[in-house]
Amino acid sequence: MKNKQINTSKKNQHVDGIWVTWELQRRNIGISNSLGFPLYEINISSCKLLRYLKCIINTFNAINSSSPVVVVAQNPSIILSFFVILYSKIKKYYPIIDSHNSGIYPLEGKSKILMFFSRWIQRNATLTIVTNKPLGNIVTKNGGKYFILPDAIPQMPKNLKQKKLEGNINITCICTFKEDEPYIEILKAAYQLPDEIHIYFTGRFEGKIDPDHHQDNIHFTGFIPDHDYLELLNSSDIIIDLTLRDNCLVCGAYEALALNKPIVLSNTIVLKNYFSKGCVYTNPNHTDINQAIMEAIRNIVNLKKDIKILKIEIETQWKEKISELNCILTQIANNN
């Protein structure tokens, strides 16, 4: 099937649009700021039904108060994306969906109902933004149009410090302890590390890990405020962020890149193609993960040099892509 990306030959202009999300995520900030779209982060804590109702009301009010030509919604949430597309039939704006992996494959594709809605959203959105070509191919297969835009490299706080951690070499593993992460295998690999190498696991581990049953060089931070989290990354020598998804550009890699930290990543084509320097790649088993960690430690000087080069390359590419997207949105707004 022919690639359904939109032509970008017309001059770049400003588009009247807004960006809506029902969670806090760095990607939303980077892209919405670059497009000049007001960002509505509707992050409400409540029971599910009440939360959805409140979020829909707030989204309704955001759209009505701004009367945009374009509304970008993050997927997930599927409910947000579904509402934004349905409401566009009444308000006559163009619904653009920024779909993450779990938006394309909700619940890892295990729910037939959610997959039905995911495909409907792809088919009925004016445009679906994805992070890589394999996800774009899925959108095309499902009858939609796509544009590829990875995350922006995040801007780090100017007052970010480096604190003294407990090891001679300190590693942070960015983790949410969910089923798309091989955290048990990473833990097994950590058991094999020398005592002077300390590894810090971020994220909510409750119900998944008992922190008292692990050796002294393994630490569990739990959920920590964003500034403390970034300070931990900045204080680490190496960052690990692994996924079991084939077509996922992990958020932690962008954060490591912003801080010029060498990265251990999953051995997938998508990650190797995009994060092509300053990284060590591993399969999701403890033997390979341990070997990758030790390789990163041995080659840390060269990896630091390479990650700085990669950062410059990706920043340049991303500026070109965001300009291209803005041009596409202009064409859409002009109904061409």
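Above this text is the structure in question.
In this report, the structure presented in the accompanying data block is examined. (Residues numbered from 1 in each chain as written. Predicted model: local features only at pLDDT ≥ 70, side-chain atom pairs only at ≥ 80, totals over all residues. Heavy atoms only, no water.)

## Quick look at helix H7 (residues 183–191)
For step 1, the next point in the chain: Within the sequence span of H7, burial applies to Tyr-183, Glu-185, Ile-186, Leu-187, Ala-189 and Ala-190.
For step 2, the next point in the chain: Looking at the buried side of H7, the elements it contacts are strand S7 (169–173), strand S8 (197–202), strand S9 (218–222) and helix H11 (286–298). (Buried < 20%, exposed > 50% of the residue type's maximum accessible area, 1.4 Å probe, protein only. Helix = DSSP H or I, 4+ residues; strand = E, 2+ residues; numbered from the N terminus. Contact = heavy atoms within 4.5 Å.)

## Description of the packing of H7 against H11
For step 1, the next point in the chain: The interhelical angle for the contact between H7 and H11, taken along N-to-C directions, is 60 degrees, at an axis separation of 8 Å. Taken together, H7 and H11 sit at an angle that is classed as oblique. Taken as a pair, H7 and H11 cross one another with a handedness that is right-handed. Only His-286, Ile-289 and Asn-290 of H11 make contact with H7, whose side of the interface consists of Glu-185, Ile-186, Lys-188 and Ala-189.
For step 2, the next point in the chain: Classifying every residue of the contact of H7 with H11 by side-chain character gives three nonpolar, two polar and two charged. (Axes fitted to C-alpha atoms, helices over the stretch in contact; angles between N-to-C directions. Parallel < 35°, antiparallel > 145°, perpendicular 65-115°, else oblique. Left-handed = near helix turned anticlockwise from the far one by under 90°. Nonpolar A, V, L, I, M, F, W, Y, C, P; charged D, E, K, R; others polar.)

## Some thoughts on the nonpolar core
For step 1, the next point in the chain: Counting 30 residues, the largest nonpolar core has Ile-171, Phe-177, Ile-199, Phe-201, Phe-220 and Ile-240 as the members making the most contacts within it.
For step 2, the next point in the chain: Going through the elements one at a time, S7, H7, S8, S9, strand S10 (238–241), H11 and helix H12 (300–333) are the ones with two or more residues in this core.
For step 3, the next point in the chain: Among all residues touching Ile-171, those that are not within four sequence positions of it are Ile-197, His-198, Ile-199, Tyr-200, Ser-236, Ile-238, Ile-240, Ile-293 and Ile-297.
For step 4, the next point in the chain: Ranked by size, the runner-up nonpolar core spans 27 residues in total, among them Tyr-229, Leu-259, Leu-265 and Ile-314. (Core = buried A, V, L, I, M, F, W, Y, C linked by side-chain atoms within 4.5 Å.)

## With respect to the side chain of Glu-231
For step 1, the next point in the chain: The topology assignment puts Glu-231 in helix H8 (residues 226–235).
For step 2, the next point in the chain: Despite its burial, Glu-231 pairs with no opposite charge, the nearest such side chain being Lys-163 at 4.3 Å.
For step 3, the next point in the chain: Not counting the four nearest positions on each side in its chain, Glu-231 is found in contact with Leu-160, Lys-161 and Lys-163. (Lys, Arg positive; Asp, Glu negative; His and termini not counted. Salt bridge = Lys/Arg side-chain N within 4 Å of Asp/Glu carboxyl O.)

## Some words on the side chain of Glu-181
For step 1, the next point in the chain: Note on placement: Glu-181 falls in the loop between S7 and H7.
For step 2, the next point in the chain: A distance of 2.9 Å separates a polar side-chain atom of Glu-181 from the backbone nitrogen of Thr-176. (Polar contact = N/O pair within 3.5 Å; in protein donor to acceptor, adjacent residues only side chain to side chain.)

## With respect to the packing of aromatic side chains
For step 1, the next point in the chain: Applying the stated criterion across every chain yields a total of 15 aromatic pairs.
For step 2, the next point in the chain: On the numbers, 6.5 Å between centres and 40 degrees between planes, the contact of Phe-177 with Phe-201 is tilted. One end of the pair, Phe-177, is in the loop between S7 and H7; the other, Phe-201, is in strand S8, with 24 residues separating them in the sequence. As far as the burial class goes, Phe-177 and Phe-201 line up, both buried.
For step 3, the next point in the chain: Ring pairing ties together the aromatic residues Phe-177, Tyr-183, Phe-201, Phe-205 and Phe-220, which thus form one cluster.
For step 4, the next point in the chain: Between Lys-321 and the ring centre of Phe-147, over which it is positioned, the NZ or CZ distance is 4.3 Å. (Phe/Tyr/Trp six-rings, centres within 6.5 Å; stacked < 30°, edge-to-face > 60°. Lys NZ or Arg CZ within 6 Å of the ring centre and 35° of its normal.)

## Quick word on the pairing of S8
For step 1, the next point in the chain: By the criterion of burial, S8 is predominantly enclosed, with six of the six residues buried.
For step 2, the next point in the chain: Side chains Ile-197, Ile-199 and Phe-201 of S8 all project onto a buried face; the interleaved residues His-198, Tyr-200 and Thr-202 project onto the opposite face, where all are buried too.
For step 3, the next point in the chain: Once you follow S7 into H7 and on to S8, the crossover reads as right-handed.
For step 4, the next point in the chain: By the bridge criterion, four bridges tie S8 to S9 in an arrangement that is parallel. The residue bridging Thr-202 from the neighbouring strand is Gly-222, located in S9. (Right-handed = clockwise from strand over helix to strand, strands pointing away. Pairing = 2+ DSSP bridges.)

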